[in-house]
Amino acid sequence: KAGVTQTPRYLIKTRGQQVTLSCSPISGHRSVSWYQQTPGQGLQFLFEYFSETQRNKGNFPGRFSGRQFSNSRSEMNVSTLELGDSALYLCASSLGSVPEAFFGQGTRLTVV
Amino acid sequence: AQTVTQSQPEMSVQEAETVTLSCTYDTSESNYYLFWYKQPPSRQMILVIRQEAYKQQNATENRFSVNFQKAAKSFSLKISDSQLGDTAMYFCAFMKKGGTSYGKLTFGQGTILTVHP
């Protein structure tokens, strides 16, 4: 079974631009969660989608948004990028009805 | 809201020795899960061990075991016979149990563990 796939692995964007990150979950998994990892703030929960609906949301500004498609693939979008958005963005997939989550290798976003 | 605290930013251990990583948490929930995740230099988070709050017995996975003290809200990880491949950042994490709570993990700040040959 293929694992969780995140694309792209690395991204460099300019302040003020927008960016879209993609996450393909493990086959059969209906839940996708997104996390931001920075040296200063650690790992913070962004949001979770389950069966195309946002089920949980963290404490991030509205510039951070996401969606999930009918095949469970998820995208997250960050608009009007700021330098502080530079981070490793991790996605995790799960069945949604059990606690185990499996993580992708992350997308390293650098905002310059 | 839940909080998870890991008070040891860095730890080191000699190969084949035993090391314990500490974690405390705060919650008003009675049903929840606690996890230890490992993040090696490749950056991929790997689940090490899981504990259900209502289970008194401490979870064990091969060389990894936990000491779960529910009343004290403490959840430490013991790694026995440490191996070089155990070198990684370790995160303690909390998840409420049930319904719409699955899919949201609250993480501690992490502990960098270095295993020396």
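The structure reproduced in this document is the subject of the present report. A quick note: this is a predicted structure, and the numbers were derived from the prediction, not measured.

Definitions and cut-offs
Residues numbered from 1 in each chain as written. Chains lettered and ligands numbered in written order. Predicted model: local features only at pLDDT ≥ 70, side-chain atom pairs only at ≥ 80, totals over all residues. Heavy atoms only, no water. Helix = DSSP H or I, 4+ residues; strand = E, 2+ residues; numbered from the N terminus. Rg over C-alpha atoms; globule rule 2.2 N^0.38 Å. Contact = heavy atoms within 4.5 Å. Lys, Arg positive; Asp, Glu negative; His and termini not counted. Charge placed at Lys NZ, Arg CZ, Asp CG, Glu CD. Buried < 20%, exposed > 50% of the residue type's maximum accessible area, 1.4 Å probe, protein only. Core = buried A, V, L, I, M, F, W, Y, C linked by side-chain atoms within 4.5 Å. Pairing = 2+ DSSP bridges. Phe/Tyr/Trp six-rings, centres within 6.5 Å; stacked < 30°, edge-to-face > 60°. Lys NZ or Arg CZ within 6 Å of the ring centre and 35° of its normal.

## Overview of the overall build of chain B
Here's step 1: Looking only at helices and strands, chain B features zero helices and 12 strands.
Here's step 2: Listing each helix as α and each strand as β along chain B from the N terminus yields β-β-β-β-β-β-β-β-β-β-β-β.
Here's step 3: Taken over the C-alpha trace, chain B has a radius of gyration of 14 Å; the compact-globule value for 117 residues is 13 Å, and the two agree within 12%.
Here's step 4: For chain B, the C-alpha atoms occupy an extent of roughly 45 × 30 × 25 Å along the three principal directions.
Here's step 5: The contacts of chain B with a sequence gap of at least 6 include a subset with a gap of at least 24, amounting to 56%.
Here's step 6: With 11 positive and 9 negative side-chain charges, chain B shows a separation of 10 Å between the mean positions of the two kinds.

## Side note on the environment of B:Thr5
Residue and element names in this part refer to chain B.
Here's step 1: If you trace the backbone, Thr-5 turns up in strand β1 (residues 3-5).
Here's step 2: In this structure Thr-5 comes out as partly exposed when scored by relative accessible area, which is 42%.
Here's step 3: Between the alpha carbons of Thr-5 and Cys-92 there is a distance of 8.0 Å; along the sequence they are 87 residues apart.

## Considerations on the nonpolar core
All names here are of chain B.
Here's step 1: Core analysis: the largest hydrophobic core is formed by 25 residues, its most contacted members being Tyr-25, Trp-36, Phe-75, Leu-77 and Tyr-90.
Here's step 2: Secondary-structure elements contributing two or more residues to this core are β3 (19-21), β5 (32-39), β6 (46-52), β8 (64-69), β9 (74-79), β10 (88-96) and β12 (111-116).
Here's step 3: Examining the composition of this core, we find that four residues originate from one element, β10, more than from any other.

## Overview of the pairing of strand β6 (residues 53-57) of chain A
Residues and elements named next belong to chain A.
Here's step 1: In terms of strand pairing, strand β5 (residues 42-50) meets β6 through four bridges, oriented antiparallel. For Phe-50, the partnering residue across the bridge sits in β6 and is Thr-53.
Here's step 2: Taking the residues that link successive antiparallel strands as the turn, the β5-β6 hairpin has two residues, and the phi of Ser-51 there is positive, at about 50°.

## What to know about the pairing of strand β9 (residues 87-94) of chain A
Residues and elements named next belong to chain A.
Here's step 1: Of all the eight residues making up β9, eight are buried; the element is thus mostly covered by neighbouring parts of the structure.
Here's step 2: By the alternation rule, side chains of β9 split into Ala-87, Tyr-89, Cys-91 and Ser-93 and Leu-88, Leu-90, Ala-92 and Ser-94, which are all buried.
Here's step 3: Where β9 and strand β11 (residues 107-111) come together, three bridges link them in antiparallel fashion. Each bridged residue has a counterpart across the sheet, and for Tyr-89 the counterpart in β11 is Thr-107.
Here's step 4: Two strands pair when backbone bridges link them, and β9 and strand β10 (residues 102-103) are joined in this way by two bridges, in the antiparallel orientation. By the bridge assignment, Ala-92 is partnered in β10 with Phe-103.

## Side note on the packing of aromatic side chains
Here's step 1: A complete count under the given rule lists 16 aromatic pairs over all chains for this structure.
Here's step 2: Relative to B:Phe75, the ring of B:Phe68 has its centre 6.3 Å away and its plane inclined at 80°; by these criteria the two rings are edge-to-face. The pair formed by B:Phe68 and B:Phe75 is uniform in burial state, with each residue classed as buried.
Here's step 3: An aromatic cluster of at least three residues, connected via ring pairs, comprises A:Tyr35, A:Phe45, A:Phe103, B:Tyr33, B:Phe35, B:Tyr37, B:Phe91 and B:Phe107.
Here's step 4: The aromatic ring of A:Phe50 is capped on one face by A:Arg55, whose charged end is 4.3 Å from the ring centroid.

## Some remarks on unusual backbone geometry
Here's step 1: For the peptide bond that leads from A:Thr7 to A:Pro8, omega is -10°, which places it in the cis range.
Here's step 2: Structurally, the position occupied by A:Pro8 is in the loop between β1 (5-7) and β2 (10-13).
Here's step 3: Phi is positive for B:Asn62, which is not a glycine, with a value near 55°.
Here's step 4: Relative to the assigned elements, B:Asn62 resides in the loop between β7 (60-61) and β8.
Here's step 5: Residue class for B:Asn62 comes out exposed when judged on its relative accessible area of 74%.
Here's step 6: With a phi close to 50°, B:Asp81 is a non-glycine residue in the positive phi region.
Here's step 7: Summarising the element assignment, B:Asp81 is placed in the loop between β9 and β10.
Here's step 8: A relative accessible area of 40% means that B:Asp81 is categorised as partly exposed.

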